[in-house]
Amino acid sequence: MVEIPESHPRKRSLLSRQKIVEGSLRGLLAESAMIAHGRGEAFDYLLGERTTESAGSAIREAAARLTAANHPVISVNGNTVLLAGKRALRLAAVLGCAVEVNLYYRSPERVNGLLALLEEQRTLVSNGDEPQGFEGDWRKSVMGVTLLGGSPNFRIEGLEGPRSQCTEEGIGSADLILVPLEDGDRCEALVNLGKQVVVIDLNPLSRSSKMATVTIVDEVSRAFEGILSELVTNPNCIPTEWDNASALRESLVEIAEYLESN
Ligand code: PTJ
């Protein structure tokens, strides 16, 4: 891999690309993972590569709903594990919830490879610093995060093919699922089952963005970090009557304003 100098203005973006390239070479990602990543990058440019005000509101709403949920689960795919697996685990440790590998392009090799990588990341996170404001035994909380998805025993009703495979313990019995880079059909099927779905997607026009209960139009690492910080600094946050369509319109206005000012 090429060494990226500290001073490079696009260092963050190049590092993300490197993670995606490495994941591809290790066979952990879908063949179209780079296309999905490129689409995300394009939208991130249009958003100014920052957490906008409307994304901030969605992050607060997501934190409140995750706190209020009885059985939240974080669903992760290939891109999410490579780009933000450690952040997903930190969030799961604070929430005391499971992380489930649930793939669009499912193969046993990819599921097992991603679960193995999550196990490595879990050890690294457990040995790392706890989030500021976290109360409790960090190491124990992190190592207590259950990693699911290896032995699916449940089907998401109303969804065709291998994508519908999940675990009863995780997505099957969850009342709220946090799903970054989601596909629209699965999101719709989960909502139709009466579950709340919080989607993280840089594209405010995607089907998943439109189908979700709450959409965070932000980059997955930034969004995880934002939810985590909200959970530890404002643990008593309460869900509101969330109007997702209006929040999505707001993100489009923010894109237009950003383009006008640049
Ligand atoms: O690992 P698998 O098999 O589950 O496959 C994962 C991909 C992402 C390949 C698959 O779900 C897919 O093809 O997704 P789409 O339909 O391309 O949708 C991905 C969405 O995520 C797009 O709307 C992108 O704008 C958005 N996106 C891409 N990168 C990021 C992102 N959103 C947030 N953060 C990102 N880093």
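Structure first, text after, so check above.
From a predicted model like this one, the values you see are computed outputs, not experimental measurements.

### Thoughts on the side chain of Lys11
On the secondary structure map, Lys11 appears in helix 1 (residues 11–25). If near-sequence neighbours (up to four positions away) are discounted, Lys11 is found in contact with Ile4, Pro5 and Glu6.

### Here's the deal with the layout of surface pockets
Of the volumes computed, that of the second largest pocket is approximately 170 Å³. Thr67, Val94, Leu95, Gly133, Phe134, Glu135, Leu231, Val232 and Pro235 together form the lining of the second largest pocket. Classifying every residue of the lining of the second largest pocket gives six nonpolar, two polar and one charged.

### Here we look at the pairing of strand 2 (residues 98–101)
A regular strand places its side chains on the two faces of the sheet in alternate fashion. Burial of strand 2 is two-sided: the residues Ala98 and Glu100 facing one way and the residues Val99 and Val101 facing the other way are all buried. Sheet analysis places strand 1 (residues 72–76) next to strand 2, joined by four bridges and oriented parallel. Among the inter-strand pairings, Val76 is bridged to a residue of strand 2, identified as Val101. Relative to strand 3 (residues 147–148), strand 2 is paired through two bridges, and the arrangement is parallel. Counted as the bridge partner of Val99 is Leu147 from strand 3.

### Looking at the site of the ligand
Taken together, the neighbourhood of the ligand is formed by 20 residues, with Arg39, Tyr104, Tyr105, Arg110 and Asp201 sitting nearest. Arg110 is positioned such that a nitrogen or oxygen atom in its side chain is 2.7 Å from an oxygen atom of the ligand. Here a nitrogen atom of the ligand sits 3.0 Å away from a polar atom, N or O, in the main chain of Val220. In the complex, the protein chains occlude 93% of the 740 Å² of accessible area that the ligand would expose alone. For the shell around the ligand, the secondary structure elements donating two or more residues are helix 2 (33–47) and helix 4 (78–95). At four residues, helix 2 tops the list of elements feeding residues into the shell around the ligand. By residue class, the composition of the shell around the ligand is 10 nonpolar, five polar and five charged.

Rules of the game
Residues numbered from 1 in each chain as written. Predicted model: local features only at pLDDT ≥ 70, side-chain atom pairs only at ≥ 80, totals over all residues. Heavy atoms only, no water. Helix = DSSP H or I, 4+ residues; strand = E, 2+ residues; numbered from the N terminus. Contact = heavy atoms within 4.5 Å. 1 Å grid on protein atoms, 1.4 Å probe; cavity = no way out; pocket = protein on both sides within 12 Å on 5 of 7 lines; lining within 4 Å. Points joined across faces, edges and corners; volume = space filled by probe spheres on them. Nonpolar A, V, L, I, M, F, W, Y, C, P; charged D, E, K, R; others polar. Buried < 20%, exposed > 50% of the residue type's maximum accessible area, 1.4 Å probe, protein only. Pairing = 2+ DSSP bridges. Near = heavy atom within 4 Å. Polar contact = N/O pair within 3.5 Å; in protein donor to acceptor, adjacent residues only side chain to side chain. Areas by Shrake-Rupley, 256 points an atom, 1.4 Å probe, with all protein chains shown as cover.

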